[in-house]
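Secondary and tertiary structure notes
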Amino acid sequence: MSLSVIQTPLFGGVNGGTFFNDLLSGGWPGQLNLNLNHPISQVSVAAGWEIDGIGITYNLANGSQVSFVHGSNPNTAVNLGATEYIQSIIGRAGYQTYYKASLVNQLTFVIVDNSTLAVRTAGPFGNGDESNNGSPFTVSNPIALSGYSTEGVSALGLSGLSFVKSTGGF
């Protein structure tokens, strides 16, 4: 199965973080071979006033899984069933007045079950101070993450996110 993808602009900032692109991980030639029918099985979040970190588990075409954590260690997991996929991510990113930096401030995941067409949401995560800092964004059909993060910190580990997304659907 072939799938056309595009990458979104960066939401949030760089803030001294290191660039990552999960889709290009895994050695030469550096491309995860995702299960395109069910690319993501879990997403996890560390959040307070903003998104401190995000973890993601990908389903690979060979039946195995691979996981990544970007930024602070997540403490809330969202599991996707075998027939579920993330239809969209709704968030808020930009200047956070308390931290005086451009960050990912809030994320909500819209999850669809391909079998029953049931829809559920997970979140919102972040915006703990209810400041509504930053601008809203919506991304449909995400299949992988990219962005800037600082590993091994207890807070403010995630600076910005970009999403690799399917141009079609699942």
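Residues numbered from 1 in each chain as written. Predicted model: local features only at pLDDT ≥ 70, side-chain atom pairs only at ≥ 80, totals over all residues. Heavy atoms only, no water.

**What to know about empty space enclosed by the protein**
Applying the stated criterion to the full structure yields one cavity of 30 Å³ or more. There is about 40 Å³ of room inside the largest cavity. Every residue along the wall of the largest cavity is listed here: I40, V43, I56, I86, I89, F109, P142, A144 and L145. Residues of the lining of the largest cavity, tallied by class, amount to nine nonpolar, no polar and no charged. (1 Å grid on protein atoms, 1.4 Å probe; cavity = no way out; pocket = protein on both sides within 12 Å on 5 of 7 lines; lining within 4 Å. Points joined across faces, edges and corners; volume = space filled by probe spheres on them. Nonpolar A, V, L, I, M, F, W, Y, C, P; charged D, E, K, R; others polar.)

**Section: the nonpolar core**
The biggest cluster of nonpolar side chains holds 35 residues, and the ones touching the most others in it are Y58, L107, F109 and L161. Elements with a contribution of two residues or more to this core: β4 (40-47), β5 (51-59), β8 (84-96), β9 (101-113), β10 (119-126), β11 (135-140), β12 (142-149) and β13 (158-166). Leave out the neighbours within four places in its chain, and F109 touches V43, V45, I54, I86, S88, I89, R120, T121, A122 and F125. (Core = buried A, V, L, I, M, F, W, Y, C linked by side-chain atoms within 4.5 Å. Buried < 20%, exposed > 50% of the residue type's maximum accessible area, 1.4 Å probe, protein only. Helix = DSSP H or I, 4+ residues; strand = E, 2+ residues; numbered from the N terminus. Contact = heavy atoms within 4.5 Å.)

**Some details on the side chain of N21**
Checked against the element boundaries, N21 lands in strand β3 (residues 18-21). Within the structure, the side chain of N21 is placed 3.0 Å from the backbone nitrogen of L23, a separation counted as a polar contact. What N21 contacts, discounting residues up to four positions off in sequence, is Q7, L145, S146 and V164. (Polar contact = N/O pair within 3.5 Å; in protein donor to acceptor, adjacent residues only side chain to side chain.)

**Here's the deal with the sheet that holds β8**
Within a sheet, neighbouring strands are paired by backbone hydrogen bonds and run either parallel or antiparallel to one another. Taken in spatial order, the four strands make up an open sheet running β10-β9-β8-β11, and their pairing is antiparallel. A single partner strand is all that each edge strand has here, and the edge strands are β10 and β11. Taking the axes of each pair of neighbouring strands and ignoring which way they run, one obtains an average angle of 20° across the sheet. Alignment of β8 against β9, held across twelve bridges, turns out to be antiparallel. Within β9, the residue paired with R92 across the bridge is Q106. (Pairing = 2+ DSSP bridges. Axes fitted to C-alpha atoms, helices over the stretch in contact; angles between N-to-C directions.)

**Quick word on the environment of S102**
Of note, S102 is situated in strand β9. Taking the relative accessible area as the measure of exposure, S102 reaches 23% and is therefore partly exposed. Note: C-alpha distance between S102 and S64 (38 residues apart in sequence) is 35 Å. With sequence-adjacent residues up to four places away left out, S102 is seen in contact with G12, G13, N15, G94, Y95 and S159. At 3.1 Å, the side chain of S102 and the backbone oxygen of G12 are in polar contact.

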